[in-house]
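Fold and contact review
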Amino acid sequence: MLKNTRKSDPELYKIVEDELHRQENNIEMIASESTVPIEVMELAGSVFTNKTLEGYPGSRFQAGNAQADELEILACKRACELYGADHANIQMYSGTTANYTVYASILDPGDKVLAMRLDQGGHLSHGSSANWMSKIFNFEFYGVDPATGLIDYDALEKQAEEYRPKLIIAGASSYPRLIDYERIAEICKKVDAYFMVDMAHIAGLVAAGVIPSPIPYADFVSSSTTKTFCSARSGMVFCKAEHAKKLDHGVFPGSLGSMHLQTMAAKCWSFKYAASDEFKAIMAQVLKNAKCLADELLAHGFDLIGGTTDNHMVVADLRPKNITGRKFQEVLDSIGITVNKQQIPDDPASPMVTSGVRIGVTSITQRGLREPEIRQIVDILDRVAMDPDNEENLAKCKADAQAIISRFPLYPAGTFDD
Ligand SMILES: Cc1ncc(COP(=O)(O)O)c(C=O)c1O
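As a further point, take the pattern of salt bridges. Overall, the coordinates contain 24 salt bridges when judged by the stated rule. Two residues, D346 and R117, come together in a salt bridge whose shortest N-O distance is 3.3 Å. Of this pair, D346 sits in the loop between β14 (340-342) and β15 (356-360) while R117 sits in the loop between β5 (112-116) and α6 (133-136), and the two are 229 residues apart along the sequence. As a salt-bridge pair, R407 and E373 come within 3.5 Å of each other at their nearest N and O atoms. Remark: E373 occurs in helix α15 (residues 371-386) and R407 occurs in the segment after α16 (391-405); sequence separation between them is 34 residues. The network of salt bridges with shared partners includes D154, E157, E161, R183 and K190.

Attention shifts here to the packing of helix α5 (residues 95-106) against helix α10 (residues 244-251). The interhelical angle for the contact between α5 and α10, taken along N-to-C directions, is 115°, at an axis separation of 8 Å. The handedness of the crossing between α5 and α10 is right-handed. Here T101, A104, S105 and I106 of α5 come into contact with α10, specifically with K246, L247, G250 and V251.

Examined at the domain level, the protein breaks down into domain 1 (10-29 + 277-405) and domain 2 (41-273). Averaged C-alpha coordinates put domain 1 and domain 2 at centres separated by 28 Å. Domain 1 puts 27 residues into the contact, and the matching count from domain 2 is 25 residues. At the boundary of domain 1 with domain 2, total buried surface from both sides reaches about 2,200 Å², with 59% on carbon and sulfur atoms. Counting the contacts that link domain 1 with domain 2 gives 2 salt bridges. At the boundary of domain 1 and domain 2, one finds 15 residue pairs in polar contact (both at pLDDT 80 or more). Secondary structure elements with two or more residues in the side of domain 1 that touches domain 2: α12 (277-299), β12 (313-317) and α14 (362-366).

Here we come to the pairing of β12. Walk down a regular strand and you will see the side chains alternate between the two sheet faces. The element β12 is extensively covered by neighbouring structure, given that 5 of its 5 residues are classed as buried. In β12, alternate side chains face the same way, and those of M313, V315 and D317 on one face and V314 and A316 on the other are all buried. Sheet topology places strand β11 (residues 303-304) next to β12; 2 bridges connect them, and they run antiparallel. Residue L304 lies in a different strand from β12, and its bridge partner there is A316. Of the strand pairs in this sheet, β12 and β15 are connected by 5 bridges, and their pairing is antiparallel. Along β15, the bridge assignment pairs V314 with I359.

Moving on, we come to the sheet that holds β15. Read from one edge of the open sheet, 4 strands run β11-β12-β15-β14, paired in antiparallel fashion. Of all the strands in the sheet, the pair left with one neighbour each is β11 and β14. The strands touched by helix α13 (residues 325-334) within the sheet are β14 and β15, with β14 carrying the most contacts at an inclination of about 170°.

This part takes up α16. End to end, α16 covers 21 Å across 15 residues, agreeing with the expected 21 Å (1.5 Å per residue, within 8%). Residues N393, L394, C397, A401, I404 and I405 constitute the buried set of α16. Within α16, the buried residues cover an arc of 90° as seen down the axis, which keeps them to one side. Turned more than 90 degrees from where α16 packs its buried face, E391 and E392 sit exposed. Along its buried surface, α16 packs onto α2 (10-25), β1 (27-28), α13, β13 (337-338) and α15. The N-capping residue of α16, defined by a side-chain oxygen 3.0 Å from the backbone nitrogen of E392, is N390.

Rules used in this analysis
Residues numbered from 1 in each chain as written. Predicted model: local features only at pLDDT ≥ 70, side-chain atom pairs only at ≥ 80, totals over all residues. Heavy atoms only, no water. Salt bridge = Lys/Arg side-chain N within 4 Å of Asp/Glu carboxyl O. Helix = DSSP H or I, 4+ residues; strand = E, 2+ residues; numbered from the N terminus. Axes fitted to C-alpha atoms, helices over the stretch in contact; angles between N-to-C directions. Left-handed = near helix turned anticlockwise from the far one by under 90°. Contact = heavy atoms within 4.5 Å. Domains from an automatic or database assignment. Buried area = accessible area lost by both parts, 1.4 Å probe. Polar contact = N/O pair within 3.5 Å; in protein donor to acceptor, adjacent residues only side chain to side chain. Buried < 20%, exposed > 50% of the residue type's maximum accessible area, 1.4 Å probe, protein only. Pairing = 2+ DSSP bridges. Expected span 1.5 Å × (residues − 1). Arc of directions from axis to C-beta.

Here you go:
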C-alpha cells in the first residue's frame, strides 16, 4: 500500500497503515460508513486529479477536456439509467454541497423552507441553526410523532399550509423507516412548493431497488455517494427534465468551482457496479442484517426509535439501559466496535452527550457478516451496556468482538501487497 509514500514520508505512511489496521480489526457500525471497492480507490487517486475543468461538455472554460467530457457524459448517462432519472449533475463534492447546489438553483435569500429538524433525524445542511444556510433562508421544521417515532404527515401538511414554503425537504440522517414520498409530493403540490429528497443515507438501497425510490416523486434528489452507495467521498443531484437548466446553473457557476474529476471517475465506476447482481445482493442482505439487528436489540430490552427498521440503520434509545450515547460510543470504541452517539427525538441530553445511538450494518454486510454474527454482536452490545465500567467484562467483550471480525477480511488477502 502507498509504496511511494512509504519511502518519501514514512511518518504519514504509518498513520494511513494504522488506519487500515483499525478498520480491519474493528466492527465498523457507523451508519454513514461503507467500504469502497478497490476500483473506487484506484480511480479516486487517478491522473484526473491533475485536471482543472469548469463548465459542462460543449461549454468548457479550459482546454484539454476531451477525456473529461467523455467521463462526465458517461457518468451522467450511467447515473440516470441506474436511478431512472431525467437528469443528473454529479459535479458536487459531497452530500452537503449537493444540498447547497439545489438551494442555489431554486432559492433566493429569505425564501421559506420546511425541513426535518436535526434532533428529529434531519441533517445539519437542512437548515439547522448551527449551519450557515439558516442565515440565508428561513427554515421551519417538522418532526416525528413522539408516540411512534414516525414522521407526522398530517402535522407536516398543516404546517406546510400555514407556512407556505418554497421548498419542502425530506430525507434524513437518522430515520430508520421508509418515507412516504408520494404523500409529501402531494403536500408540495397543494402548497406549490418544490420537493427535494436528500437520499444520502439510502442511495445504495434505492439503486439496488430494495427500498422505494424518491425519483418519481421529487423535483430534486440529492445525495452523498458514500454511505450505502459505497463509493467515493462525493455527491450527486438528480432532477426532473424541466429543472435541468436551473440545476446546472446553480451548480456551476452558481455555487461550485472546478469539478473533482477523479472522484467523478470513481462514481462513474460505481454507477455501473450498483446495477450488478453482486451489489444488489449486498444491499438485500443489508436490509436483512438491519432487521435482525433491530429484532435482537428489542429482544435484549433496547428501545428503538420508530419501533424497528426498514433500511440499513437502527436508532436506539439507551435510557432503558441507563447509559448515555457518549458513554456507550466511547466504551464500544475501546473494545473495537465503532458506532456513533445520536440525539433521539426531543432528546433531553445535549448533542455531545445524547440519549441514543445510531447503528448501521453496511460495512459489516460488505465484509460478509450475516444474521448469526449480528446476534453475537448484539449480545456484546448488551453486555457492554449493562456493565460498562467492569474491566473484566470489557476484556471478554473485546476478545469476542475480535473473534467475530477476524474471520471477515476488510479487503481480500494481498490487496495492498506491493
Ligand atoms: C441526510 C444527509 N444529507 C447529507 C449528508 C452529508 O453528506 P456528506 O458527509 O457527504 O457531506 C449526510 C451525512 O451524514 C446526511 O445524513
